[in-house]
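Secondary and tertiary structure notes
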Amino acid sequence: MSTQNPSVISRLNRIMTTIGRWLSWFAAALIVYMLVHISIEIVLRAFFDTSTFVLEEFVGYALGAMIFMALAATHTEDRLIRVKLLRNAISRRGQAIADMIANVAALAACTLLFGALFNIFTRNWRFGITSSSFAETPLWIPQIFIIAGLGFYILRLLVNILVYAEKSITAENS
């Protein structure tokens, strides 16, 4: 009986999936935070005629962070919108190649977005730019979660490209 050791790529894929799951749990915690903050705001406005004055700002930050933190796990679990009509009509090797091309295109777009957002982040950090609201939140604080989530998604896409390349090679050999 022979046991096949998992490849380096599959081990890396498992690690990235685990980290992505942790980030998605963080995103779920942000949903809970938003629910609690909105509920507190409703109670304050309805019964005490006051407000936290930062609901829109902080929930907006949490929403942005939630989206980017959960992006890699959503992609890994194949929960993003995909048109599979053409994909299902081709061979397994063709599907792996098509998925690899889609991941390369997503990687290129996300890398450009990361560069732009990172430039904004570093400018806000360097000059101490704050929000114009009552809270005067340093803008780099919410942006760091978006940068981290997008950066992890870029790493996830790189691993996906390796996984699809490995699938393409093994499909060709079998």
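Further up the page is the structure itself.
The following refers to the structure shown. (Residues numbered from 1 in each chain as written. Predicted model: local features only at pLDDT ≥ 70, side-chain atom pairs only at ≥ 80, totals over all residues. Heavy atoms only, no water.)

Considering all chains together, one arrives at seven aromatic pairs under this definition. Where Phe-26 meets Phe-145, the ring centres are 5.7 Å apart and the plane angle is 25 degrees; that geometry is what we call stacked. Here Phe-26, found in helix H1 (residues 8-47), pairs with Phe-145, found in helix H4 (residues 140-173); they are 119 residues apart in sequence, far enough to count as distant. The partly exposed category is assigned to Phe-145, whose relative accessible area is 32%. Taking 5.8 Å as the distance between ring centres and 55 degrees as the angle between the ring planes, the aromatic pair formed by Phe-53 and Phe-134 counts as tilted. With a gap of 81 residues between them, Phe-53 in the loop between H1 and helix H2 (55-76) and Phe-134 in the loop between helix H3 (92-127) and H4 connect regions that are remote in the sequence. You'll find Phe-53 and Phe-134 in the same group, each marked exposed. (Phe/Tyr/Trp six-rings, centres within 6.5 Å; stacked < 30°, edge-to-face > 60°. Helix = DSSP H or I, 4+ residues; strand = E, 2+ residues; numbered from the N terminus. Buried < 20%, exposed > 50% of the residue type's maximum accessible area, 1.4 Å probe, protein only.)

Bringing a nonpolar patch on the surface into the picture now. Taken together, Phe-26, Ile-141, Ile-144 and Phe-145 make up a surface patch of nonpolar side chains, about 290 Å² in accessible area. Considering each element in turn, the nonpolar patch owes the most residues, three residues, to H4. Overall, the relative accessible area of 32% leaves Phe-26 in the partly exposed class. (Patch = residues over 30% accessible without salt bridge, like charges linked within 9 Å, V, L, I, M, F, W, Y side chains within 5 Å. Areas by Shrake-Rupley, 256 points an atom, 1.4 Å probe, with all protein chains shown as cover. Salt bridge = Lys/Arg side-chain N within 4 Å of Asp/Glu carboxyl O.)

With 36 residues, H3 ought to run about 52 Å at 1.5 Å a step, and its terminal C-alpha atoms sit 51 Å apart, in line with that. Taken residue by residue, H3 has Gln-95, Ala-96, Asp-99, Asn-103, Leu-107, Cys-110, Phe-121 and Asn-124 as its buried positions. Looking one or two places after H3, you find Gly-128, whose phi comes out positive at around 65 degrees. (Expected span 1.5 Å × (residues − 1).)

Now for H2. Over its 22 residues, H2 extends 32 Å from the first C-alpha to the last, a length consistent with the 32 Å expected when each residue adds 1.5 Å. Residue Asp-78 follows H2 closely and has a positive phi angle near 60 degrees.

Quick look at the packing of H1 against H2 now. Viewed as axis vectors pointing N to C, H1 and H2 meet at an angle of 155 degrees, and their least axial separation amounts to 8 Å. By the angle between their directions, the pair H1 and H2 is classed as roughly antiparallel. Two packed elements cross with a definite hand, and for H1 against H2 that hand is left-handed. Broken down by class, the residue content of the contact of H1 with H2 amounts to 18 nonpolar, five polar and four charged. (Axes fitted to C-alpha atoms, helices over the stretch in contact; angles between N-to-C directions. Parallel < 35°, antiparallel > 145°, perpendicular 65-115°, else oblique. Left-handed = near helix turned anticlockwise from the far one by under 90°. Nonpolar A, V, L, I, M, F, W, Y, C, P; charged D, E, K, R; others polar.)

Further remarks concern the pattern of salt bridges. For the coordinates displayed, the defined rule picks out three salt bridges. Arg-45 is the partner of Glu-41 in a salt bridge, and the nearest nitrogen-oxygen pair spans 2.8 Å. Taken together, the positions of Glu-41 and Arg-45, both in helix H1 and four residues apart, correspond to about one turn of that helix. On the basis of relative accessible area, Arg-45 is assigned to the partly exposed category, the value being 46%. Its salt-bridge partner being Arg-87, residue Asp-99 comes within 2.6 Å of it at the nearest N-O pair. One end of the pair, Asp-99, is in helix H3; the other, Arg-87, is in the loop between H2 and H3, and 12 residues separate them in sequence. The exposure class assigned to Asp-99 is buried, which follows from its relative accessible area of 5%. Among the residues examined, Arg-87 registers a relative accessible area of 21% and is labelled partly exposed. Because the salt bridges share partners, they merge into one network encompassing Glu-41, Arg-45 and Glu-56.

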